Amino acid sequence: MADNSGNISEENPHWQRNLWVCTLGSFSTLIAMSLLLPFLPLYLQSLGVKGTSSIAHWSAVAYGATFLTAALTAPLWGRLADTYGRKLMLIRASLGMAIAMSLMGMATAPWQLVALRLLAGLLGGYASGSMILVAAQTPKKKTGYAIGILSGGIMAGNIVGPLAGGVLPGLIGIRETFLLTGGIIFLAFLGTLFFLKEERQPARHSPSSSAVRQPAPVAVKVMWVSAMLLIFATMSVEPIITLYVASLMSDLTQATLFTGVIMASTALGSIISAPRIGALADRTGHWRVLCVGLLVCGVLLIPQAFVTAVWQLLVLRFLMGLALGGMLPCITAIIRHHAPAGHTGHLLGYSTSAQYIGQVCGPLFGGVVAGQAGMPAVFLGTAIIMLSAAGINRVWYRKMA
């Protein structure tokens, strides 16, 4: 069966079961990967790191290590998924992450923890691999809806992970927490191995073939830039959000609590809206919805620079979460619709790398701007970036129409 772009359809009759397997697997692996954050400094201290500055340095290196190797290898795993099968890549990712996470609980020096975090990024990528499989094998008219469901699971894992990381070490110990998370990911591996059904083997391509070397369509390249700018803008406020909340409160001891609530409200908004906006985009056009969503996010960022109470920031961040929820599903759907036959995986892999670049550069931007121009300038600068992304997409949408 061919679609109107000439691609061979890879729709899978088991796409709904695969969607839920990938959503639950991504949810569990993201919990396991993100629960490290609350107790990372304590773990490094137990490994012999002394002094606040040294702990902060090692924490930053250990945290960023996974994203570095993940960004470098995402296109490779995407291309291998196109060649050897997407289920195989998810099996590799879940088993590799289970081993790496378990070994982290056995580290005896900080460099070992960093090395294992690098290994986790190298071997991992379950969530991004799930995105590739779901995008490639879901009926095109349901792509936005399915990616929205998967995105909600990923976002939920990122919320639950830090919460679990704040509780489990006190109950069972830090090293035991790593072993438990390794076991959780191993369950995801078993679920993928036995329940995920890949109906057909992707066509094999020689790396030297002209099909592999053909350039990505312009629309796909625009989506790479959009994905990078979207995550960049989302992450830019991370370094300053706690300080910003503290500046709005008289009781500074409650700032951390309210910051957590505000960040969770953004994620909750995305979880609620992602499948609904995805389904809307399936009906009305993914690029059109993407342009509107980026515009709304940019507009909502402007008043965040001028709030005078925490509840105002909470409402605005929740509304922004609602708008953000459908953006990545739209980007993924547009790439899937414009990708040449047999190349969906590695083109989505480059999109994942672009997102990791935004995840690294966004906080750096926020920290520098806040230091030079104040915290409100971060929101205004991020608004300009989001509005620019909306403008870029509007121009190319009109050209492609």
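Position labels on residues start from 1 in each chain and follow its written sequence. Totals for whole chains, interfaces and linings use all residues, but because this is a predicted model, local features are given only for residues with pLDDT of at least 70 and pairs of side-chain atoms are given and counted only at 80 or more. In computing side-chain properties, one takes all heavy atoms of the structure into account and sets aside hydrogens as well as water.

Examining the overall build of the protein chain
Scanning the protein chain for helices and strands turns up 17 helices and zero strands. The principal-axis extent of the C-alpha atoms belonging to the protein chain is close to 60 × 45 × 35 Å. Burial classes follow relative accessibility: with a 1.4 Å probe on protein chains only, a residue under 20% of its type's maximum area counts as buried, one over 50% as exposed, and anything between as partly exposed. Here the protein chain, with 401 residues, has 55% of them falling under the buried criterion. Residue pairs in contact within the protein chain that sit at least 24 positions apart in sequence constitute 85% of those at least 6 positions apart. Here the accessible surface of atoms and residues is derived via Shrake-Rupley with a 1.4 Å probe, and residues count as covered only by protein chains that are part of the display. Taken as a whole, the protein chain presents about 17000 Å² of accessible surface, with 71% of it coming from carbon and sulfur. None of His or the chain ends enter the tally, which takes Lys and Arg as positive and Asp and Glu as negative. Here the site of a charge means atom NZ of a Lys, CZ of an Arg, CG of an Asp or CD of a Glu. Taking the average place of the 24 positive charges on the side chains of the protein chain and the average place of its 10 negative ones, the gap between the two points comes to 5 Å. Secondary structure is summarised from DSSP: a helix means a run of H or I of at least four residues, a strand means a run of E of at least two, and numbering begins at the N terminus for each. The contact rule is simple, with two residues in contact once any of their heavy atoms fall within 4.5 Å.

Describing the side chain of Thr266
For Thr266, the position within the fold is in helix H12 (residues 255-284). For Thr266, a relative accessible area of 10% corresponds to the buried category.

A few points about the packing of aromatic side chains
Each Phe, Tyr or Trp ring (for Trp, its six-membered ring) is paired with any other whose centre lies within 6.5 Å, and the angle between the two planes then decides the class: stacked below 30 degrees, edge-to-face above 60, tilted in between. This model, assessed by the stated rule, comprises six aromatic pairs. Ring geometry for Phe186 against Phe189: centres 5.3 Å apart, planes inclined by 35 degrees, an arrangement best described as tilted. Placement of the pair is Phe186 and Phe189 together in helix H8 (residues 174-195), with a separation of three residues, close to one helical turn. With a relative accessible area of 37%, Phe186 lands in the partly exposed category. Of the residues examined, Phe189 reaches a relative accessible area of 11% and is grouped as buried. Aromatic pair Trp224 and Tyr350: ring centres 5.3 Å apart, planes at 45 degrees, arrangement tilted. Here Tyr350 lies in helix H16 (residues 344-373) and Trp224 lies in helix H10 (residues 218-235), a separation of 126 residues in the sequence. Between Arg92 and the ring centre of Trp77, over which it is positioned, the NZ or CZ distance is 3.6 Å. Note on criteria: charge over ring means Lys NZ or Arg CZ within 6 Å of the ring centre, with the direction from the centre no more than 35 degrees off the ring normal. Sitting over the ring of Trp396, Lys399 keeps its end group 4.5 Å from the ring centre.

A word on the packing of H10 against helix H13 (residues 286-304)
To define axes, lines are fitted to C-alpha atoms, for helices over the stretch in contact only, and angles between the resulting N-to-C directions are given on a 0 to 180 degree scale. Relative orientation of the contacting elements H10 and H13 amounts to 30 degrees, with a least axis distance of 13 Å. By the angle class used here, H10 and H13 are roughly parallel. The interaxial crossing formed by H10 with H13 has left-handed handedness. Where H10 approaches H13, its residues Ala219, Val222, Met223 and Leu230 are matched on the opposing element by Trp287, Leu290 and Leu294. Roughly parallel means an angle under 35 degrees; roughly antiparallel means over 145; roughly perpendicular covers 65 to 115; every other angle is labelled oblique. Crossing chirality is assigned from the near helix's rotation relative to the far helix, an anticlockwise turn below a right angle marking it left-handed and a clockwise turn marking it right-handed.

Observations concerning a nonpolar patch on the surface
A grouping of Leu95, Ile99, Leu103, Met106, Leu179 and Phe186 is seen on the molecular surface, where their side chains present a nonpolar patch of about 510 Å² in accessible area. If you list the elements that add at least two residues to the nonpolar patch, you get helix H4 (86-104) and H8. In terms of residue count, H4 provides more of the nonpolar patch than any other element does, three residues in total. Summarising the element assignment, Leu179 is placed in helix H8. Any residue with relative accessible area above 30% and no salt bridge may belong to a patch, with like charges joined within 9 Å and the nonpolar Val, Leu, Ile, Met, Phe, Trp and Tyr side chains within 5 Å. Salt bridges are counted wherever a side-chain nitrogen of Lys or Arg sits within 4 Å of a carboxyl oxygen of Asp or Glu.

Here's the deal with the confidence of the model for the protein chain
One number per residue, pLDDT, summarises how confident the predictor is, and it ranges from 0 to 100. Across the protein chain, the average pLDDT comes to 82, with 91% of residues at 70 or higher. Summarising per-element confidence for the protein chain, the mean pLDDT is lowest in helix H9 (residues 210-213) (44) and highest in H13 (93). Across residues 1-9, confidence stays below pLDDT 50; counting only partners more than four residues off in sequence or on other chains, it has 17 contacts. This model gives residues 201-213 a pLDDT under 50, and the stretch forms 21 contacts once residues within four places in sequence are excluded.

Regarding the environment of Arg317
Of note, Arg317 is situated in helix H14 (residues 310-324). Beyond its immediate sequence surroundings of up to four residues, Arg317 is in contact with Thr234, Val237, Ile262, Ser265, Thr266, Leu301, Gln304 and Phe379.

Focus: the side chain of Ser28
Within the fold, Ser28 resides in helix H1 (residues 15-34). A residue is classified by how much of its surface remains accessible, and Ser28, at 13% relative accessible area, is buried.

Topic: the packing of H16 against helix H17 (residues 375-400)
Direction vectors running N to C along H16 and H17 enclose 130 degrees, while the axes themselves pass 7 Å from each other. The angle between H16 and H17 falls in the class oblique. You can see that H16 and H17 cross each other, and the crossing is right-handed. Note on element contacts: H17 touches H16 through Met375, Ala377, Val378, Gly381, Thr382 and Ile385, opposite Phe365, Gly366, Val369, Ala370 and Ala373. For this classification, the nonpolar set comprises Ala, Val, Leu, Ile, Met, Phe, Trp, Tyr, Cys and Pro, the charged set comprises Asp, Glu, Lys and Arg, and every other residue, Gly included, is treated as polar. Among the residues making up the contact of H16 with H17, the classes are represented as eight nonpolar, three polar and no charged.

Re helix H5 (residues 110-123)
Between its first and last C-alpha atoms H5 spans 20 Å; for 14 residues at 1.5 Å apiece the expected length is 20 Å, and the two agree. Where H5 ends, the next residue or the one after it, Gly125, has phi of about 95 degrees, a positive value. A helix is expected to span 1.5 Å for every residue after the first.

Let's talk about the environment of Arg92
Residue position: Arg92 is located in helix H4. Sequence separation between Arg92 and Val167 is 75 residues; the distance between their C-alpha atoms is 29 Å. With residues near it in sequence (within four places) discarded, Arg92 still touches Trp77, Leu122, Leu123 and Gly124. Two N or O atoms form a polar contact when they lie within 3.5 Å of each other; inside protein one atom must be a possible hydrogen donor and the other a possible acceptor, and for residues adjacent in sequence the pair counts only when both atoms belong to side chains. In this structure the side chain of Arg92 is engaged in a polar contact, spanning 2.4 Å, whose partner is the backbone oxygen of Leu123.

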